[in-house]
Amino acid sequence: MRAVILAAGSGRRMGKYGENLPKGMLPINGRSIIEWQIGKIREIGISDIVIVTGYKAEMITFGGITYFHNAAYAETNMVETLMCAREALDTDILISYADVVCTRNLVSMVAGCGYDIGVAVDESWRDYWMLRYGSTEVDLETLTVSEDGKITGIGKPVNSSEGLNYRYIGLIKLSESGISSALELYDWKKHRNENWIQSGKPFAMGYMTDLLHELIIRGQTVYPVITRGGWLEFDTVEDYEKTQAMSSSDRLTGLMSW
């Protein structure tokens, strides 16, 4: 298995912290976010790691890593960043966003799931949202799991948390078969330069949730890998500063272990 860390974005919402540093290189609890990721990935036995860079790529210089570069990072999004490493998509892969830190256990669960497409989802996300925002009514999108345990909808922005039992994390496993399905869809849409159905974004600005959503509506089975906590995300200045403060206390206990 190979791990692919998507680290091209500029992190515009990180304010002063992102002016001279990619978001994934921000230090948290003694290491950069990406360094935490690399450590957890290697702990579970994956040594083949790819990082796709973009903004301030020269700042990401870890040894033993294969690098690809998204030169158009400012005009593209996650799907295009992943496709910059297309030549590395020839075996089972674990995909991680560069602004997420997960526990070893969660990384192991997703990497080891037996699904062609497995997506980490948090069923206790409300606890984290209360710590993070003081509310469960902020930054919301759909993630629906059917009674037979399949994801049937993902990534649609909504204004209420009612009925939202799970939260997308940004950690995905694709088998070779899952990759084949994803590439087929990607190539089909690229040839037509079609907007993405879920977000309405232009083709080059597609989110990973856009890709997953369209795989689902094409009949591809996408399974949740369900966790209760075990991850942190850094989207804003407030996220970063609050997590810095909480990491030196016991407030993250139960959500995250470093």
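What comes next is a walk through the structure. In this text the structure is predicted, and so the values were computed from the model without any measurement.

### Overview of the layout of surface pockets
Which parts of space are left empty comes out when a probe the size of a water molecule is rolled across the atoms.
And then number 1: The space that makes up the largest pocket amounts to roughly 1,100 Å³.
And then number 2: Arg 13, Asn 77, Met 78, Tyr 207 and Asp 235 are the residues nearest the centre of the largest pocket, which is lined by 37 residues in total.
And then number 3: Only strand S1 (2-7), helix H2 (78-83), strand S10 (151-157), strand S11 (167-174), helix H6 (208-217) and strand S13 (231-233) provide two or more residues apiece to the lining of the largest pocket.
And then number 4: Looking at the lining of the largest pocket element by element, the count peaks at three residues for S11.
And then number 5: When its residues are assigned to classes, the lining of the largest pocket shows 17 nonpolar, 10 polar and 10 charged.

### Concerning the packing of helix H5 (residues 176-192) against H6
And then number 1: For the pair H5 and H6, interaxial distance at closest approach is 10 Å and the crossing angle is 100 degrees. On the basis of the axis angle, H5 is roughly perpendicular to H6. The residues of H6 that touch H5, namely those facing Ser 181, Ala 182, Leu 185 and Lys 189, are Leu 211, Glu 214 and Leu 215.

### Observations regarding the nonpolar core
And then number 1: Of all hydrophobic cores here, the largest spans 79 residues; its most connected members are Ile 34, Ile 51, Leu 94, Val 119, Tyr 168 and Met 208.
And then number 2: Contacts of Met 208, omitting those with residues within four sequence positions, involve Met 78, Val 79, Leu 82, Ile 95, Tyr 97, Tyr 168 and Ile 172.

### Brief notes about the sheet that holds S1
And then number 1: Ordered by their spatial adjacency, seven strands build an open sheet running S5-S4-S1-S6-S11-S8-S12, and the pairing between neighbours is mixed. The outermost strands of the open sheet, each flanked by one partner alone, are strand S5 (66-69) and strand S12 (223-227). Pairwise comparison of adjacent strand axes, ignoring direction, gives a mean angle of 25 degrees for this sheet.
And then number 2: Here strand S4 (residues 48-53) pairs with S5 via four bridges, running parallel. Across the sheet, Val 52 pairs through a bridge with Phe 68, a residue of S5.
And then number 3: Where helix H3 (residues 104-112) meets the sheet, it contacts strand S6 (93-97), strand S8 (117-122), S11 and S12, and its direction lies at approximately 50 degrees from that of S11.

Basis of the calculations
- Residues numbered from 1 in each chain as written.
- Predicted model: local features only at pLDDT ≥ 70, side-chain atom pairs only at ≥ 80, totals over all residues.
- Heavy atoms only, no water.
- 1 Å grid on protein atoms, 1.4 Å probe; cavity = no way out; pocket = protein on both sides within 12 Å on 5 of 7 lines; lining within 4 Å.
- Points joined across faces, edges and corners; volume = space filled by probe spheres on them.
- Helix = DSSP H or I, 4+ residues; strand = E, 2+ residues; numbered from the N terminus.
- Nonpolar A, V, L, I, M, F, W, Y, C, P; charged D, E, K, R; others polar.
- Axes fitted to C-alpha atoms, helices over the stretch in contact; angles between N-to-C directions.
- Parallel < 35°, antiparallel > 145°, perpendicular 65-115°, else oblique.
- Contact = heavy atoms within 4.5 Å.
- Core = buried A, V, L, I, M, F, W, Y, C linked by side-chain atoms within 4.5 Å.
- Buried < 20%, exposed > 50% of the residue type's maximum accessible area, 1.4 Å probe, protein only.
- Pairing = 2+ DSSP bridges.

These figures come from the coordinates and say nothing about function on their own.
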